[in-house]
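Here's the letter readout for the chains.
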Amino acid sequence: MKKPIEFIDLKAQAVVLGDDIKLSMDKVLSHGKFIMGPEVYELEKKLSDFTGAKYVTSCASGTDALLMALMAMDIGPGHAVFTSPFTFIATAEVICLLGAVPVFVDIDENTFNLDPEKFEKAIEDFHKNPRHRGLAPKCVIPVDIFGLPADYKAINEIADHHQLKVIEDGAQSLGSRSGEKMAGNLADMAATSFFPAKPLGCYGDGGAIFTNDESLNEKLVSIRVHGMGRHKYENIRIGINGRLDTLQAAILISKLKIFESELKKREMIARKYREKLDGLVQLQKIPDNCLSSWAQFSFLCRDRNSLISQLDSQKIPSAVYYPKPLHLQPAFSTLNYKKGDFPVAETVSETILSIPIHPYLSDEEIDYITETIQNSLRN
Ligand SMILES: Cc1ncc(COP(=O)(O)O)c(C=O)c1O
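Residues numbered from 1 in each chain as written. Predicted model: local features only at pLDDT ≥ 70, side-chain atom pairs only at ≥ 80, totals over all residues. Heavy atoms only, no water.

## Brief notes about the sheet that holds strand S10 (residues 282-283)
Taken together, the three strands give an open sheet; going across it, the order is S10-S12-S13, and neighbouring strands pair in antiparallel fashion. What marks the edges here is a single partner per strand, and that holds for S10 and strand S13 (352-355). In terms of strand pairing, S10 meets strand S12 (residues 297-300) through two bridges, oriented antiparallel. By the bridge assignment for S12, Gln282 is matched with Leu300. In this fold helix H9 (residues 246-277) packs onto S10, S12 and S13, with an angle of close to 20 degrees to the strand it touches most, S12. (Pairing = 2+ DSSP bridges. Helix = DSSP H or I, 4+ residues; strand = E, 2+ residues; numbered from the N terminus. Contact = heavy atoms within 4.5 Å. Axes fitted to C-alpha atoms, helices over the stretch in contact; angles between N-to-C directions.)

## Some remarks on the sheet that holds strand S5 (residues 165-169)
Spatially, the seven strands line up as an open sheet ordered S1-S9-S8-S5-S4-S2-S3, and their pairing is mixed. In this open sheet, the two edge strands, each paired with only one partner strand, are strand S1 (55-59) and strand S3 (101-104). Neighbour to neighbour, the strand axes of the sheet diverge by 25 degrees on average, direction disregarded. Note: strand S2 (residues 79-83) against S3, four bridges, orientation parallel. Looking at the pairing, Val81 lines up with Pro102 of S3. Strands in contact with helix H4 (residues 62-72) are S1, S2, strand S4 (136-141), S5, strand S8 (189-193) and strand S9 (207-211); relative to S8, the strand with the most contacts, it is inclined by about 160 degrees. Lying over the sheet, helix H8 (residues 214-224) contacts S1, S8 and S9, oriented at roughly 15 degrees with respect to S1.

## Quick word on empty space enclosed by the protein
Tallied over the full model, the rule gives three cavities of 30 Å³ or more. One number sums up the size of the largest cavity: a volume of about 90 Å³. Around the largest cavity, the lining comprises 15 residues; the ones closest to its centre are Ile8, Leu10, Gln13, Arg266 and Pro359. Elements represented by at least two residues in the lining of the largest cavity include exactly helix H1 (10-17) and H9. No other element matches H9, which puts three residues into the lining of the largest cavity. Split into classes, the residues belonging to the lining of the largest cavity amount to seven nonpolar, three polar and five charged. Split by domain, the residues of the lining of the largest cavity number at least three in each of domain 1 (10-253) and domain 2 (259-378). What the second largest cavity holds in volume is close to 70 Å³. (1 Å grid on protein atoms, 1.4 Å probe; cavity = no way out; pocket = protein on both sides within 12 Å on 5 of 7 lines; lining within 4 Å. Points joined across faces, edges and corners; volume = space filled by probe spheres on them. Nonpolar A, V, L, I, M, F, W, Y, C, P; charged D, E, K, R; others polar. Domains from an automatic or database assignment.)

## Re the packing of helix H10 (residues 304-313) against helix H12 (residues 363-378)
Look at H10 against H12: their axes get within 10 Å of each other, and the N-to-C directions meet at 135 degrees. Between H10 and H12, the crossing angle belongs to the class labelled oblique. Crossing angle aside, the handedness with which H10 passes H12 is right-handed. Along its contact with H10, which presents Ser306, Leu307, Gln310 and Leu311, the element H12 presents Thr372, Ile373 and Ser376. Tallied by class, residues from the contact of H10 with H12 come to three nonpolar, four polar and no charged. (Parallel < 35°, antiparallel > 145°, perpendicular 65-115°, else oblique. Left-handed = near helix turned anticlockwise from the far one by under 90°.)

## Concerning the pairing of S9
Residues in a regular strand project their side chains so that they alternate between the two faces of the sheet. Counting buried residues in S9 gives five out of five residues, a clear majority hidden from the surface. The alternating pattern of S9 places Gly207, Ile209 and Thr211 and Ala208 and Phe210 on opposite faces, both of which are buried. As defined by bridge partners, S8 adjoins S9 across five bridges and the pair is classed as antiparallel. What sits directly across from Thr192, in S9, is Ala208. (Buried < 20%, exposed > 50% of the residue type's maximum accessible area, 1.4 Å probe, protein only.)

## Quick notes on the site of the ligand
Neighbouring residues of the ligand: 15 residues in total, closest Gly62, Thr63, Asp169, Ser193 and Lys198. Note that an oxygen atom of the ligand is positioned 2.7 Å from one of the side-chain N or O atoms of Ser193. When the ligand sits alone it has 390 Å² of accessible area, and the protein chains cover 93% of it. Those elements that place two or more of their residues in the shell around the ligand are H4 and helix H5 (90-97). (Near = heavy atom within 4 Å. Polar contact = N/O pair within 3.5 Å; in protein donor to acceptor, adjacent residues only side chain to side chain. Areas by Shrake-Rupley, 256 points an atom, 1.4 Å probe, with all protein chains shown as cover.)

## Details of the nonpolar core
Formed by 39 residues in total, the largest nonpolar core has its most connected members in Phe82, Phe86, Phe104, Phe112, Phe119, Val140 and Val348. Examining the composition of this core, we find that four residues originate from one element, helix H7 (residues 152-161), more than from any other. For Val348, the residues in contact, after removing those within four places along its chain, are Phe86, Ile107, Phe112 and Leu300. (Core = buried A, V, L, I, M, F, W, Y, C linked by side-chain atoms within 4.5 Å.)

Fair warning: the whole summary comes from geometry, so function is off the table for now.
Structure below.
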């Protein structure tokens, strides 16, 4: 191998972007509108065109995107929000920040996304559980794990039937598809992240919220700037400082130009991996009508530690997303969940492994990675 294999190769991406990204940043430096400059609105329009969602409100991070979406839906004390225990902490953290209560629902063993059947059962059994006394279920946040959209057809239908709202945690899934629709346009609202390692990442923190509902979007625009009304010194609700920097917006506009070709490369790499690893590991199931954005290429492997050592010894980076499901995290200990409550999320956390899938992996690197895994698991 000529150069070390990177888990995410932003340097190779920077070479492809060439001067374009620097020119976009220079433009911001010369106009000097660092807060809510014209690039912020240009990016929002481009993301609306890209996803098909009518309204896009950019913001300071994926965490803020989720928080603002919940705030726009007036989620607060006395409310319960269903979500997956197999996700990054931010998904459930924002529910607690607003004084509401996360109610975890186990994942599907094949897609690793929230299981619609278990979701329906959790709603039906909700009031039988003494833990839920005094709580009203309001909303569900399915997570598009590793870039694969959750089963929104089923989840939206169940949520609708029980008058619950649906917020897509699409932090990892911008660019993915479910049927004819793109992530960002699959539920009442969606949140995404532009953290540098995400499929569309900026050079710092950033995020966006998507919706087709004009009144929800009006609230988001207000919440983003301290609950502003007609101007920023008229404050009509409690909000946050949740703005996306103009410089980050300029970087994202530049990166959007190559995003579709990057997504195609991720898909090609995923196909190669799947062909070569099928039967050796348990691959994430991608339903026929879905295209993942492949934020991560992850599979289940019973002897994970030994495979990680083999990969390490061949200088191949790997990562465990996520080693502990949220219901077992000390941060949520007051919710009184215990080991065994969500067996699928627990088993997946114990056996999941992610390998490099950035768009700049060469065929030689893909072969080297798959051969190392094959040799390790066949021995
Ligand atoms: C599923 C999920 N939700 C939310 C977030 C939070 O995004 P950010 O890091 O931009 O705040 C992340 C980021 O890692 C994530 O993976």
